[in-house]
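Architecture and fold: a report
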Amino acid sequence: TFDIPSEGIMLARGDSCFNQAFKVGACAWGLQFHPEMTRRMIKDWFDFYGESSSLKEKVLGKYFENQPDYLNQAKILCKNFTEVIKKKIFIK
């Protein structure tokens, strides 16, 4: 995990890993989580790191159960970030 810089503002938090997202100023954002994750990516990570089958199945099952919500949240995050970029930086 990480500590949010003193000038940073927390944007998201979690139960097991408190600091999940923050921003500093108008243009710097930091994320602890992975909004791009897919079920396949999670499975590949478990296979690569040799985690137990029971834990892998539990996590994959939970992901599958919540996948529509995860995908919706990732879309919202991308849309909001795109709007910040449009308004603050590049596109006039």
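A brief structural summary. Everything quoted here is computed from the prediction, not taken from an experiment.

**With respect to the side chain of Asn19**
Mapped onto the elements of the fold, Asn19 is located in strand S2 (residues 19-24). Since its relative accessible area comes to 12%, Asn19 is described here as buried. A distance of 2.8 Å separates a polar atom in the side chain of Asn19 from the backbone oxygen of Phe2. Not counting residues up to four positions away in its chain, the partners in contact with Asn19 are Thr1, Phe2, Asp3, Ile4, Met10, Ala12 and Gln32.

**Details of the sheet that holds S2**
Sheet architecture is open: three strands sit in the order S1-S2-S3, paired in antiparallel fashion. Looking along the sheet, the strands with just one partner apiece sit at the ends: strand S1 (9-13) and strand S3 (28-31). Neighbour to neighbour, the strand axes of the sheet diverge by 15° on average, direction disregarded. The sheet contact formed by S1 and S2 spans four bridges and is antiparallel. Among the inter-strand pairings, Met10 is bridged to a residue of S2, identified as Phe22.

Calculation criteria
Each chain has its residues counted from 1, following the order in which its sequence is written. The predicted origin of the model limits local features to residues at a pLDDT of at least 70 and limits the giving and counting of side-chain atom pairs to 80 or more, whereas totals for whole chains, interfaces and linings rest on all residues. Just so you know, side-chain values use all the structure's heavy atoms and leave hydrogens and water out. Only DSSP runs of H or I with at least four residues qualify as helices, and only runs of E with at least two residues qualify as strands; both kinds are numbered from the N terminus onward. Buried, partly exposed and exposed residues are distinguished by accessible area as a fraction of the type maximum, computed with a 1.4 Å probe on protein chains only: under 20%, between the cut-offs, and over 50%, respectively. Between N or O atoms, a polar contact is any pair within 3.5 Å; within protein, one atom must be a potential hydrogen donor and the other a potential acceptor, and residues adjacent in sequence are included only when both atoms are from side chains. Any two residues whose heavy atoms approach within 4.5 Å at even a single point are treated as in contact. If DSSP finds at least two bridges between two strands, the strands pair. The axes are straight lines fitted to the C-alpha atoms, using for helices just the contacting stretch, and the angles between their N-to-C directions are given from 0 to 180°.

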